[in-house]
Amino acid sequence: MSFLLPKLTCKKEVDQVIKSTAEKVLVLRFGRDEDPVCLQLDDILSKTSSDLSKMAAIYLVDVDRTPVYTQYFDISYIPSTVFFFNGQHMKVDYGSPDHTKFVGSFKTKQDFIDLIEVIYRGAMRGKLVVQSPIDPKNIPKYDLLYQDI
């Protein structure tokens with residue numbers, strides 16, 4: 001289902017989308033088109049994109065073509081999903097040490113829809129960090145990897 005969502009292939013395109021997306025949650029899925037977990041997430045994203053069109057803009061970003069952002073957001077696991085609102089990076093407390101991105105695929109479409117609604121409402125109130133509405137059982141667990149410390 002990756003072919004249904006717009007792709008960003010370079011840093012310049014990602015920069016432009018971050019700057020130009022206004023009054024909507026910008027969803028950037030970092031991953032690879034051939035990865036099975038990315039394809040699972042892309043299916044959820046594409047099926048919900050029309051329902052969320054008034055609240056969110058969803059784009060796919062290839063980790064191999066945007067190494068600057070891959071390194072900046074410390075994307076060591078794919079897929080990783082990052083959220084912005086009016087050019088501001090939105091952080092979400094998932095109950096894990098990393099609030100900057102969602103790692104893995106969402107278990108259900110409703111989990112993703114709920115998360116976008118919470119981010120949108122929080123951003124409209126001026127919040128930069130929101131509490132995740134997703135059941136902790138549905139959030140993938142992983143360990144942070146620290147390199148060169």
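Bear in mind that the values here come from a model prediction, so they are computed numbers and not experimental data. Every residue gets a number counted from 1 within its own chain, in the order that chain's sequence is written. Reporting of local features is limited, given that this is a predicted model, to residues whose pLDDT is at least 70; pairs of side-chain atoms are given and counted only at 80 or more, and all residues count toward the totals for whole chains, interfaces and linings. Processing note: side-chain calculations cover all non-hydrogen atoms of the structure and skip hydrogens and water entirely.

J.: Sorry if this is basic, but what is going on with the nonpolar core here?
T.: As a rule of thumb, soluble globular proteins bury nonpolar side chains together. Judged by nonpolar contacts, the single largest core of 28 residues is most densely connected at Val25, Phe83, Phe106, Phe112 and Ile116. At the level of elements, strand 2 (25-31), helix 2 (36-49), strand 3 (56-62), strand 4 (80-85), strand 5 (88-93) and helix 4 (109-124) are the ones that each hand at least two residues to this core. Helix and strand definitions follow DSSP, with helices as H or I runs of at least four residues and strands as E runs of at least two, each counted in order from the N terminus. A total of 7 residues in this core trace back to one element, the largest contributor, which is helix 4. If you look at the next biggest cluster of nonpolar residues, it comprises 15 residues, including Val17, Phe30, Val63 and Val82. Working definition of a nonpolar core: buried Ala, Val, Leu, Ile, Met, Phe, Trp, Tyr and Cys residues. They are joined through side-chain atoms within 4.5 Å. Throughout, exposure labels follow a simple rule: accessible area from a 1.4 Å probe, protein chains only, divided by the maximum for the residue type, with under 20% read as buried, over 50% as exposed, and the rest as partly exposed.

J.: What exactly am I supposed to notice about helix 2 here?
T.: Side chains three or four residues apart in an α-helix point the same way, a direct result of the helix having 3.6 residues per turn. For a helix, the expected span equals 1.5 Å multiplied by the number of residues minus one. With 14 residues, helix 2 extends 20 Å between its outermost C-alpha atoms, agreeing within 8% with the 20 Å of an ideal straight helix rising 1.5 Å per residue. Buried within helix 2 we find Cys38, Leu41, Asp42, Ile44, Leu45, Ser46 and Thr48. Here a residue-residue contact requires only that any non-hydrogen atoms of the pair lie within 4.5 Å. Summarising the contacts, the buried residues of helix 2 are in contact with strand 2, strand 3, strand 4 and helix 4.

J.: Would you mind showing me how to read helix 1 (residues 11-20) here?
T.: Buried within helix 1 are the following residues: Val14, Asp15, Val17 and Ile18. Looking straight down helix 1, one finds its buried side chains confined to an arc of 165 degrees; they lie on one side. Exposed residues pointing more than 90 degrees away from the buried face of helix 1 are listed as Lys12 and Lys19. In this description, one arc is meant: the one made by directions from the helix axis to the C-beta atoms.

J.: Explain the pairing of strand 5 here, please?
T.: Within a regular strand, the side chains alternate between the two sheet faces. In this analysis, strands are considered paired if DSSP registers two or more bridges between them. Pairing of strand 4 with strand 5, which is carried by 3 bridges, proceeds in the antiparallel orientation. Looking across to strand 5, one finds that Phe85 is bridged to Gln88. Connecting strand 4 to the antiparallel partner strand 5 that follows it, the hairpin turn spans 2 residues, and Asn86 within it adopts a positive phi of roughly 50 degrees. As paired elements, strand 5 and strand 7 (residues 129-131) share 3 bridges and run parallel to each other. Following the sheet pairing, Lys91 is matched in strand 7 by Val129.

J.: Even after reading the chapter, I still don't get the packing of aromatic side chains, so can you show me in this structure?
T.: Each aromatic ring pair is summarised here by two numbers: the centre-to-centre distance and the angle between the ring planes. Pairing of aromatic side chains requires ring centres within 6.5 Å, counting the rings of Phe and Tyr and the six-membered ring of Trp. Pairs whose planes differ by under 30 degrees are stacked, by over 60 edge-to-face, and all others tilted. Applying the stated criterion across every chain yields a total of 8 aromatic pairs. Taken together, a centroid distance of 6.0 Å and an interplanar angle of 80 degrees make the contact between Phe85 and Tyr120 edge-to-face. Here the residue Phe85 occupies a position in strand 4, and Tyr120 occupies one in helix 4, the gap between them amounting to 35 residues. Like Phe85, the residue Tyr120 is buried in the burial classification. Clustering of aromatic rings is evident, with ring pairs tying together Phe30, Tyr69, Tyr72, Phe73 and Phe84.

J.: Help me out: how do you make sense of the pattern of salt bridges in this one?
T.: In a structure, side chains of opposite charge can pair up when their charged atoms sit close to one another. Here, a salt bridge means any side-chain nitrogen of Lys or Arg that lies within 4 Å of a carboxyl oxygen of Asp or Glu. One pass over the structure, following the stated rule, counts 6 salt bridges. The partner of Lys11 in a salt bridge is Asp15, and the shortest N-O contact between them spans 2.7 Å. Taken together, the residues Lys11 and Asp15, both in helix 1 and 4 residues apart, mark about one turn of the helix. The exposure class of Lys11 is partly exposed, given its relative accessible area of 36%. Among the salt bridges present, the one from Arg29 reaches Asp42, with a minimum N-O distance of 2.8 Å. On the criterion of sequence distance, the pair formed by Arg29 in strand 2 and Asp42 in helix 2 is long-range, its members being 13 residues apart. Across this residue pair, the class does not change: Arg29 and Asp42 are buried. Connected through shared salt-bridge partners, Lys7, Arg29, Asp33 and Asp42 make up one network.

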